[in-house]
Amino acid sequence: MVKLNKIYTRTGDNGTTGLVSGPRRLKSDLRVEAYGAIDEANAFVGLARQHTHAMPDLDATLMRVQNDLFDLGADLATPDTGEKPEYEPLRIVAAQVARLEEEIDRLNADLEPLRSFVLPAGSAASAALHVARTVARRAERQMVALSRVEGEVVSAEAVAYVNRLSDFLFVAARWTNDKGHADVLWVPGKNR
């Protein structure tokens, strides 16, 4: 269990932060950037939840997503060095990806097929979910870049989870727009 008694420690005043496994990295390190973007996506999911209380099933799913995002942050903050750790690190697992796929399919069943790209607009819930989606996409790009750095490992399940998450947030954003009926569609060249 995590126990935080003191919020400031002054240990990061030199521009470094500690990973769960102990080593310190620069706060600008790609791994720190990746789990920071996951934290940011989580905050935007929390913001979106301020508008989903009247949709209890979706709100419960978003709450599960927030917990999964903490799992993903812990996964990224505990690099796999190939050595057996003294404890079992928290990792994203295939079941978490599969659960997101089920949620995507459930919500998408209520939506009409798209005729155009959707603008990130409509209801407050939809707009907030679109922001969370774009941050999740940024986190995914950072995770993929990190996985290409020699000596850095990012699991396939972690990348699949964040990829599926942005798909889920897109579908959820449409669903909160009156199941897609209130989507704001892109009209190419409309303002020329």
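Anyway, here's the lowdown on the structure attached to this text. (Residues numbered from 1 in each chain as written. Predicted model: local features only at pLDDT ≥ 70, side-chain atom pairs only at ≥ 80, totals over all residues. Heavy atoms only, no water.)

Glancing now at the packing of aromatic side chains. One pass over the structure, following the stated rule, counts 1 aromatic pair. With 5.8 Å between their ring centres and 50° between their planes, F117 and W186 make a pair best called tilted. Of the two residues, F117 sits in the loop between α3 (94-108) and α4 (124-147) while W186 sits in the segment after α5 (156-176), which places them 69 residues apart along the sequence. A relative accessible area of 62% places F117 in the exposed class. Given a relative accessible area of 39%, W186 falls into the partly exposed group. (Phe/Tyr/Trp six-rings, centres within 6.5 Å; stacked < 30°, edge-to-face > 60°. Helix = DSSP H or I, 4+ residues; strand = E, 2+ residues; numbered from the N terminus. Buried < 20%, exposed > 50% of the residue type's maximum accessible area, 1.4 Å probe, protein only.)

Our next topic: the packing of helix α2 (residues 56-76) against α5. Running from amino to carboxyl end, α2 crosses α5 at an angle of 155°, the nearest separation of the two axes being 12 Å. Our classification of the angle between α2 and α5 gives roughly antiparallel. Our pair here, α2 against α5, has a crossing hand that is left-handed. Mapping the contact onto sequence places L58, T61, L62, V65, D68, L69, L72 and D75 in α2 and A158, Y161, V162, L165, F168, L169, A172, W175 and T176 in α5. Here the residues of the contact of α2 with α5 sort into 13 nonpolar, 2 polar and 2 charged. (Axes fitted to C-alpha atoms, helices over the stretch in contact; angles between N-to-C directions. Parallel < 35°, antiparallel > 145°, perpendicular 65-115°, else oblique. Left-handed = near helix turned anticlockwise from the far one by under 90°. Contact = heavy atoms within 4.5 Å. Nonpolar A, V, L, I, M, F, W, Y, C, P; charged D, E, K, R; others polar.)

What follows concerns the nonpolar core. Among the nonpolar cores identified, the biggest contains 39 residues, and L72, M143, Y161, L165, F168 and L169 are the most heavily contacted of them. Of all the secondary structure elements, the ones that give two or more residues to this core are α1 (30-49), α2, α3, α4 and α5. If one sorts the elements of this core by residue count, α5 sits on top with 11 residues. Setting aside anything within four residues of it in sequence, one finds L72 in contact with I38, I92, M143, A158, Y161 and V162. (Core = buried A, V, L, I, M, F, W, Y, C linked by side-chain atoms within 4.5 Å.)

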